[in-house]
Amino acid sequence: MKLRRAVITAAGLGTRFLPASKAVPKEMFPVYDKPAIQYVVEEAVAAGIREICIVISADKGAIKQHFGRDRAMELVLAGKGKRQQAGLIRKLAGMARISYVLQREQKGLGHAVLCAERFAGKEAFALLLADDLMYGAANVLTQLDRARRKPDGMALAVEKVSRQMIPSYGIVKIKRGGRGAYDIEDLVEKPRLKDAPSDLGIVGRYILTGEIFKALKRTRPGALGEIQITDALRGYLKDGGNIGAGVFGGTRYDAGDKLGLIKASLEMALRDKMAKGEMRTYLKGLMKKR
Ligand code: G1P
């Protein structure tokens, strides 16, 4: 069945970005010409998803404002002859049906997903973590939907991560299934290097079903004292569930990290025909000076 719904988690505190994230949600930081979270919403829309629930914390009203319709602004822009810009912000608000759910306490990613239970219901849905920006020829969610090995199964995207980054990720052990697909055999959240089952890290894209909520309700706090989605998936697996893996082959940026955000912005500028030439000249000059 076609994926209809997506949950995007954007309730994190943004402590790595303080003081910049004190008044502005980190998901609203621009990546070249758009706030980071807009890329994630556009990715879901590109996969044919029209119903999106963003899990936010109380101080993230700017996200709502960004995706909401602003007729007054459209009129002002149109009045000044800026029709293109007026069209741009109208299109932004009409991209998808976006609803919001509040995560009142920051108890972890698993807990944030649980907050979206009513929205998601029983059918399969996509989960996108707003910090992970994915750039590639193929849409990750469409690929992942194919990586689901059973109609009621789940799937997640994985990527090789460097040794030093292993303790920051959910790490999976996979085995080859039929038709060139992979099954997850085990997964562990933020393992110590010596306990890691492989160097394949979970990147922020999942296809989940209603079963995840049952598993989440049974999940106790794990790594960082938080309720982890990885632990809930492990519980689901141990109970006989099936999780497929899709190996992500594109470029991923960690927009939750200062350098990741700069890298994403630079590459987006270099991909823009209008900005490319100037950026290249600037970067070359900069490297000579350093
Ligand atoms: C979360 C997940 C982790 C995953 C990572 C991908 O961790 O818990 O399993 O590997 O996202 O970005 P976080 O980055 O929120 O610590």
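Scroll up to find the structure.
Here the structure is a predicted model, which is why all the values come from computation and not from measurement.

Details of the state of the cysteines
(1) Moving on: Inspection of every chain in the model, using the stated rule, returns zero disulfides.
(2) Moving on: Not part of a disulfide, Cys53 finds its nearest cysteine sulfur in Cys115, a span of 9.0 Å.
(3) Moving on: On the accessibility criterion, Cys53 (2% relative accessible area) is buried.

Here we look at the nonpolar core
(1) Moving on: Of all hydrophobic cores here, the largest spans 45 residues; its most connected members are Ile8, Ile37, Ile49, Ile52, Ile54 and Leu133.
(2) Moving on: Per element, the largest residue contribution to this core is seven residues, and it comes from helix H1 (residues 36-46).

A few points about a positive patch on the surface
(1) Moving on: The grouping of Lys276, Arg280, Lys284 and Lys288 at the surface amounts to a positive patch.
(2) Moving on: Secondary-structure assignment places Lys284 in helix H11 (residues 273-289).
(3) Moving on: Lys284 gets classed as exposed once you look at its relative accessible area, which sits at 53%.

Observations concerning the side chain of Asp132
(1) Moving on: Looking at the secondary structure, you find Asp132 in strand S7 (residues 132-135).
(2) Moving on: According to the relative accessible area criterion, Asp132 is buried, its value standing at 9%.
(3) Moving on: At 2.8 Å, the side chain of Asp132 and the side chain of Arg252 are in polar contact.
(4) Moving on: Each residue touching Asp132, except ones within four places of it in the same chain, is listed here: Val40, Val203, Gly204, Arg205, Arg252 and Tyr253.

Some details on the site of the ligand
(1) Moving on: Surveying the vicinity of the ligand reveals the residues Leu109, Leu129, Asp132, Tyr169, Gly170, Glu189, Lys190, Ile202, Gln228 and Thr230.
(2) Moving on: At 3.0 Å, a backbone N or O of Gly170 approaches an oxygen atom of the ligand.
(3) Moving on: At 2.6 Å, a backbone N or O of Ile202 approaches an oxygen atom of the ligand.
(4) Moving on: The protein chains hide 76% of the 380 Å² of surface that the ligand would expose on its own.
(5) Moving on: More than half of the atoms of the ligand fall within 2 Å of the grid points belonging to the largest pocket.
(6) Moving on: Looking at the shell around the ligand, its residues break down into four nonpolar, three polar and three charged.

Re helix H7 (residues 140-147)
One turn of an α-helix holds 3.6 residues; hence residues three or four places apart share an orientation.
(1) Moving on: When H7 is considered as a whole, its buried residues turn out to be Val140, Leu141, Leu144 and Ala147. Taken end-on, H7 shows its buried residues confined to a sector of 110 degrees, consistent with a single buried face.
(2) Moving on: Contact partners of the buried residues in H7: H1, strand S6 (125-129), S7, strand S8 (154-160), strand S11 (200-208) and strand S12 (243-247).
(3) Moving on: Here H7 starts with a cap whose side-chain oxygen sits 2.9 Å from the backbone nitrogen of Leu141, and that cap is Asn139.

A closer look at H1
(1) Moving on: Most of H1 sits inside the fold, with nine of its eleven residues counted as buried.
(2) Moving on: Taken residue by residue, H1 has Ala36, Ile37, Gln38, Tyr39, Val40, Val41, Glu43, Ala44 and Val45 as its buried positions.
(3) Moving on: Downstream of H1 by a residue or two, Gly48 has a phi angle that is positive, lying close to 90 degrees.

Some words on the side chain of Lys60
(1) Moving on: Tracing the sequence through the fold places Lys60 in the loop between strand S4 (51-56) and helix H2 (61-67).
(2) Moving on: From its side chain, Lys60 meets the backbone oxygen of Gly12 in a polar contact 2.7 Å long.
(3) Moving on: Not counting the four nearest positions on each side in its chain, Lys60 is found in contact with Ala10, Ala11, Gly12, Pro25 and Glu27.

Conventions used here
Residues numbered from 1 in each chain as written. Predicted model: local features only at pLDDT ≥ 70, side-chain atom pairs only at ≥ 80, totals over all residues. Heavy atoms only, no water. Disulfide = S-S within 2.5 Å. Buried < 20%, exposed > 50% of the residue type's maximum accessible area, 1.4 Å probe, protein only. Core = buried A, V, L, I, M, F, W, Y, C linked by side-chain atoms within 4.5 Å. Helix = DSSP H or I, 4+ residues; strand = E, 2+ residues; numbered from the N terminus. Patch = residues over 30% accessible without salt bridge, like charges linked within 9 Å, V, L, I, M, F, W, Y side chains within 5 Å. Areas by Shrake-Rupley, 256 points an atom, 1.4 Å probe, with all protein chains shown as cover. Salt bridge = Lys/Arg side-chain N within 4 Å of Asp/Glu carboxyl O. Lys, Arg positive; Asp, Glu negative; His and termini not counted. Charge placed at Lys NZ, Arg CZ, Asp CG, Glu CD. Polar contact = N/O pair within 3.5 Å; in protein donor to acceptor, adjacent residues only side chain to side chain. Contact = heavy atoms within 4.5 Å. Near = heavy atom within 4 Å. 1 Å grid on protein atoms, 1.4 Å probe; cavity = no way out; pocket = protein on both sides within 12 Å on 5 of 7 lines; lining within 4 Å. Sits in = over half its atoms within 2 Å of the grid points. Nonpolar A, V, L, I, M, F, W, Y, C, P; charged D, E, K, R; others polar. Arc of directions from axis to C-beta.

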